[in-house]
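In case you want the letters, here they are:
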Amino acid sequence: MEATKAALRDRETQDVYFQVALSPEAYGLHARCLAAAAFGIPGLWGDIDVGGPGRPPTVAAALELLDEMPIRPTLLVDSGHGLHAYWLFKEFWRFESPEEREQAANLSRRWVRTL
């Protein structure tokens, strides 16, 4: 709940970001966990910005793009500049090895390319 309060407070004066992969430690306000340190993910995601070259012109067009995906997203969030789409797994994927972490990274890259 504290993170939500901070994001709502800070959105007026700065960009607010979060990461989906979980990390074993807090990195502070101005740093993020590198993929090599992540210990798991809840699913796959995509950031669909609207307007500008190579992007859907509107949120409605972004929703049409998502309708073409083989699987509908579990949830959508209005990012203020488009949509964040999430396809959640039935269970959290906790990485048991560096190889499994790399499998997840490859799956994520392929998913984003498909999107």
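These figures come from a predicted structure and were not determined experimentally. (Residues numbered from 1 in each chain as written. Predicted model: local features only at pLDDT ≥ 70, side-chain atom pairs only at ≥ 80, totals over all residues. Heavy atoms only, no water.)

Membership of the largest hydrophobic core is limited to 9 residues, which are L44, I48, A62, L66, M69, L83, A85, W87 and W111. Elements with a contribution of two residues or more to this core: β1 (40-49), α2 (59-67) and β3 (82-94). Broken down by element, this core gets its largest block of residues, 3 residues, from β3. Ranked by size, the runner-up nonpolar core spans 7 residues in total, among them A38, I41, W93 and F95. (Core = buried A, V, L, I, M, F, W, Y, C linked by side-chain atoms within 4.5 Å. Buried < 20%, exposed > 50% of the residue type's maximum accessible area, 1.4 Å probe, protein only. Helix = DSSP H or I, 4+ residues; strand = E, 2+ residues; numbered from the N terminus.)

Another point: the pattern of salt bridges. Evaluated as defined, the whole model comprises 2 salt bridges. With its nearest N and O atoms 3.0 Å apart, the salt bridge here joins E102 to R109. The partly exposed category is assigned to E102, whose relative accessible area is 41%. (Salt bridge = Lys/Arg side-chain N within 4 Å of Asp/Glu carboxyl O.)

Applying the stated rule across the entire model yields 4 aromatic pairs. One aromatic cluster is present, formed by F89, W93 and F95 through successive ring pairs. (Phe/Tyr/Trp six-rings, centres within 6.5 Å; stacked < 30°, edge-to-face > 60°.)

Let's shift gears to the sheet that holds β3. What the 3 strands build is an open sheet, ordered β1-β3-β2; its pairing is antiparallel. Because the sheet does not close on itself, it has two edges, and the strands there are β1 and β2 (75-78). Neighbouring strand axes in the sheet, compared pairwise and without regard to direction, differ in orientation by 25° on average. With 9 bridges joining them, β1 and β3 adopt antiparallel strand pairing. Bridged to I41 within β3 is W93. Set on the sheet, α2 makes contact with β1, β2 and β3; between it and β3 the angle comes to about 35°. (Pairing = 2+ DSSP bridges. Axes fitted to C-alpha atoms, helices over the stretch in contact; angles between N-to-C directions. Contact = heavy atoms within 4.5 Å.)

Below, the discussion takes up helix α3 (residues 98-114). Its 17 residues place the ends of α3 24 Å apart at the C-alpha level, agreeing with the 24 Å of an ideal helix rising 1.5 Å per residue. Taken together, the buried residues of α3 touch β1 and β3. (Expected span 1.5 Å × (residues − 1).)

Residues V59, L63 and L76 make up a contiguous nonpolar surface patch of about 210 Å² in total accessible area. With respect to the helices, strands and loops of the structure, L63 is situated in helix α2. (Patch = residues over 30% accessible without salt bridge, like charges linked within 9 Å, V, L, I, M, F, W, Y side chains within 5 Å. Areas by Shrake-Rupley, 256 points an atom, 1.4 Å probe, with all protein chains shown as cover.)

Our next topic: the pairing of β2. As paired strands, β2 and β3 are joined by 4 bridges and run antiparallel to one another. Residue D78 lies in a different strand from β3, and its bridge partner there is L83. If you look at the hairpin formed by β2 and β3, you'll find 3 residues sitting between the two strands, and G80 has a positive phi there, around 95°.

With 88% of its residues at a pLDDT of at least 70, the protein reaches an overall mean of 86. When mean pLDDT is taken per element in the protein, β3 scores highest with 95 and helix α1 (residues 2-10) scores lowest with 70. (pLDDT = per-residue confidence, 0-100.)

Right, let's talk about the side chain of E100 for a bit. Within the secondary structure, E100 is located in helix α3. Notably, E100 is buried but unbridged: the nearest opposite-charge side chain belongs to R94, and the N-O separation is 8.9 Å. (Lys, Arg positive; Asp, Glu negative; His and termini not counted.)

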